Amino acid sequence: MQQSQRARGTKAVTYDAALRGKHRAPLIAEGLVVFTPQHDGLTPQSLLRHKDGPCSHDLYVAEGRVCERRFIDGNETLYTPLPVEELECRDGKNSTRFYHRITIPCPTKTHQIRIRVDETDEDRQVDPKTKKQRFNRTEHLRQVPPSTPAGRRLKGFRQDSESVHSRFDQAYPHERVPAYGARGALLIYLGYAWLNNSITRALNALHS
Ligand SMILES: [Zn+2]
């Protein structure tokens, strides 16, 4: 967990893609900024149609953030990410609320809107048609969208053990540890940790 220097009092958690929206939702409600890489294979979700005078903007959620849907050549769909001016944090009744303050660039006027990025009571209601939760907001909409400079920076704060686990898998053919049974696996884990610590120690001695 990191304490931010520039936004005092803000606590951020970074983890890997195993943490999904349903896991992030209660942490966000507690007032934490939760960062994990975005899961592959999510399809764009319809969010709302923003109407203002003669304007109508179709807003969708793609790549973890609010996008405007546009059609090119009449059939190709394009999701243009909208600039997030600020991640706002406010105390709600029972939980902390987070918003993206978004601008919609437009020739008529620059629209400004706020979109909740924590799970709302409405999101949790069950849709009678699909029998599923209405909107899995914290799965699709991210406090810090991963493909942004802030997202890439937060990714670097993941526990180092995660990359060690990954290197451990990659060290063996087919990314599988050649061990049968728990005792055999434990022996290989300990051997790997021993080797890893020895290399770290040797490198440290070289540089100090
Ligand atoms: Zn407009």
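These notes cover the structure that comes with them. (Residues numbered from 1 in each chain as written. Predicted model: local features only at pLDDT ≥ 70, side-chain atom pairs only at ≥ 80, totals over all residues. Heavy atoms only, no water.)

1. What about the pattern of salt bridges?
When the charged atoms of two side chains lie near each other, side chains of opposite charge can form a pair.
And then number 1: Counted by the stated rule, this structure contains 14 salt bridges.
And then number 2: Residues E139 and R20 are paired through a salt bridge, measuring 2.5 Å at the closest nitrogen-oxygen approach. Of this pair, E139 sits in helix α3 (residues 137-140) while R20 sits in the loop between β2 (11-14) and α1 (21-29), and the two are 119 residues apart along the sequence.
And then number 3: When its relative accessible area of 27% is taken as the criterion, R20 is described as partly exposed.
And then number 4: Taken together, the salt bridges that share partners define one network made up of E86, E88, R90, R101 and R114. (Salt bridge = Lys/Arg side-chain N within 4 Å of Asp/Glu carboxyl O. Helix = DSSP H or I, 4+ residues; strand = E, 2+ residues; numbered from the N terminus. Buried < 20%, exposed > 50% of the residue type's maximum accessible area, 1.4 Å probe, protein only.)

2. Re the coordination of the zinc ion
And then number 1: Donor atoms from the polypeptide that bind the zinc ion are C55 (SG), H57 (NE2), C106 (SG) and H111 (NE2), placed at 2.1 to 2.3 Å.
And then number 2: Each of the four donor atoms bound to the zinc ion contributes to angles spanning 96 to 119°, and the resulting shape is tetrahedral.
And then number 3: All donors of the zinc ion come from a single chain, and their spacing in sequence reads C-x1-H-x48-C-x4-H. Pair noted here: C55 is in strand β5 (residues 55-62) and C106 is in the loop between β9 (96-104) and β10 (111-116), with a separation of 51 residues, a long-range link. (Donors = N, O, S within 2.8 Å, 3.2 Å for Na, K, Ca; no water. Tetrahedral: all angles 85-135°; square planar, octahedral: opposite > 155°, others 65-115°.)

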